[in-house]
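If you want the building blocks of each chain, they are given just below.
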Amino acid sequence: MSRTSIKKFSVVAGLLSFTLIFFGSWFYGARVFASFIRGVEGFAIFGLLTWLVLRGWAALKSEERLGEGKDKGVNLDQTA
């Protein structure tokens, strides 16, 4: 997963949480400004959480790819 796709997915997750929290708060009687602040907090928390999880997952995947060919060809010089 590339860095740009991780950033895009994090923004989408943040916007989804912003939308749900904003309209949910507003629907249940909060004022518009308070709902907006709650939505921004949700965007920050869930966007950052998504970004951190995907960056960690991508780092683990890159380490696995680096270790695959490490022992390749070790036994080629041995005779039967």
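Below: a short report on this structure. (Residues numbered from 1 in each chain as written. Predicted model: local features only at pLDDT ≥ 70, side-chain atom pairs only at ≥ 80, totals over all residues. Heavy atoms only, no water.)

1. Regarding the overall build of the protein chain
In terms of regular secondary structure, the protein chain is built from two helices and zero strands. Buried positions account for 19% of the 80 residues belonging to the protein chain. A total accessible area of about 6700 Å² is found for the protein chain, and carbon and sulfur atoms account for 67% of it. (Helix = DSSP H or I, 4+ residues; strand = E, 2+ residues; numbered from the N terminus. Buried < 20%, exposed > 50% of the residue type's maximum accessible area, 1.4 Å probe, protein only. Areas by Shrake-Rupley, 256 points an atom, 1.4 Å probe, with all protein chains shown as cover.)

2. Observations regarding the side chain of serine 10
Here serine 10 is to be found in helix 1 (residues 3-27). We classify serine 10 as buried; its relative accessible area is 7%.

3. So, a nonpolar patch on the surface
Where nonpolar side chains cluster on the molecular surface, the patch consists of Phe33, Phe36, Ile37 and Val40 and spans about 380 Å² of accessible area. Take phenylalanine 36: it is sitting in helix 2 (residues 32-67). (Patch = residues over 30% accessible without salt bridge, like charges linked within 9 Å, V, L, I, M, F, W, Y side chains within 5 Å. Salt bridge = Lys/Arg side-chain N within 4 Å of Asp/Glu carboxyl O.)

4. Things to note about the packing of aromatic side chains
Taken as a whole and judged by the stated rule, the model has six aromatic pairs. Ring geometry for phenylalanine 18 against phenylalanine 36: centres 5.8 Å apart, planes inclined by 85 degrees, an arrangement best described as edge-to-face. With phenylalanine 18 in helix 1 and phenylalanine 36 in helix 2, the pair connects residues that are 18 residues apart, well separated along the chain. You can call phenylalanine 18 partly exposed: its relative accessible area is 22%. (Phe/Tyr/Trp six-rings, centres within 6.5 Å; stacked < 30°, edge-to-face > 60°.)

5. Description of helix 1
Note on helix geometry: an α-helix contains 3.6 residues per turn, so any two residues three or four positions apart are oriented the same way. Under the 1.5 Å per step criterion, the end-to-end length of helix 1 is 36 Å for 25 residues, consistent within 8% with the ideal 36 Å. Of the positions making up helix 1, those classed as buried are Ile6, Ser10, Ala13, Gly14, Ser17, Phe22 and Ser25. Taken from the residues just after helix 1, glycine 29 is the one with a positive phi, measuring 105 degrees. (Expected span 1.5 Å × (residues − 1).)

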